[in-house]
Amino acid sequence: MTPRAQACVGLLAQQGLRRTTRGGHVAVDQAVVAQFGSHFRVFGVLRKRRNELEYPEYPDAEATIEEAEESLDLAAGIISSAERLLPELGFF
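Scope of this entry: the structure provided in the associated data block.

Cut-offs applied
- Residues numbered from 1 in each chain as written.
- Predicted model: local features only at pLDDT ≥ 70, side-chain atom pairs only at ≥ 80, totals over all residues.
- Heavy atoms only, no water.
- Helix = DSSP H or I, 4+ residues; strand = E, 2+ residues; numbered from the N terminus.
- Buried < 20%, exposed > 50% of the residue type's maximum accessible area, 1.4 Å probe, protein only.
- Areas by Shrake-Rupley, 256 points an atom, 1.4 Å probe, with all protein chains shown as cover.
- Lys, Arg positive; Asp, Glu negative; His and termini not counted.
- Charge placed at Lys NZ, Arg CZ, Asp CG, Glu CD.
- Expected span 1.5 Å × (residues − 1).
- Arc of directions from axis to C-beta.
- Contact = heavy atoms within 4.5 Å.
- Axes fitted to C-alpha atoms, helices over the stretch in contact; angles between N-to-C directions.
- Parallel < 35°, antiparallel > 145°, perpendicular 65-115°, else oblique.
- Left-handed = near helix turned anticlockwise from the far one by under 90°.
- Nonpolar A, V, L, I, M, F, W, Y, C, P; charged D, E, K, R; others polar.

Glancing now at the overall build of the chain. In terms of regular secondary structure, the chain is built from four helices and zero strands. For the chain, the succession of helices and strands along the chain, N to C, is α-α-α-α. By residue count, 26% of the 92 residues in the chain fall in the buried class. Counting only carbon and sulfur atoms, one obtains 55% of the accessible surface of the chain, whose full area is about 6,400 Å². Here the chain carries 10 positive and 13 negative side-chain charges, and the mean point of each set is 12 Å from the other.

The terminal C-alpha atoms of helix α4 (residues 65-85) lie 30 Å apart, and with 21 residues this matches the ideal 30 Å at 1.5 Å per residue to within 8%. Here α4 has its buried residues at A75, I78, S81 and A82. Mapping the buried residues of α4 onto a view down its axis gives an arc of 120°, with all of them on the same face. Set apart from the buried face of α4 by more than 90 degrees, the exposed residues are I65, E66, E70, L72, D73, E83 and R84. For α4, the secondary structure elements touched by its buried residues are α1 (3-14) and α3 (41-54).

Further remarks concern the packing of α1 against α4. Relative orientation of the contacting elements α1 and α4 amounts to 25°, with a least axis distance of 9 Å. In terms of orientation, α1 lies roughly parallel with respect to α4. By crossing handedness, the relation of α1 to α4 is classed as left-handed. Judged by residue contacts, P3, R4, A7, C8 and L11 of α1 engage A75, I78, I79, A82 and L85 from α4. Tallied by class, residues from the contact of α1 with α4 come to nine nonpolar, no polar and one charged.

Mapping R47 onto the fold places it in helix α3. Placed 33 residues apart in sequence, R47 and S80 show a C-alpha to C-alpha distance of 18 Å. Discounting residues that sit within four places of it in the chain, R47 has contacts with R4, H25, V26 and D29.

Laid out in structure tokens, this is it:
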């Protein structure tokens, strides 16, 4: 699990929620966006892009250095947002 996924799963776990094998990261994506706002929408974008690169429809598909750098910045933003939110959430 990526650090950005861990940050999102951690927010849900703090509330006593957990992902299932059936819903997986899609459920995590929907839950964090619904609860914490659209700035978590990048989690789904990054997740989809990772899937595209790991299971390519087109074998020539590659990520650029610029895309990787932008993805790192977006992931860091998710982690920072989760760190700020965590103390505000009650423990289930």
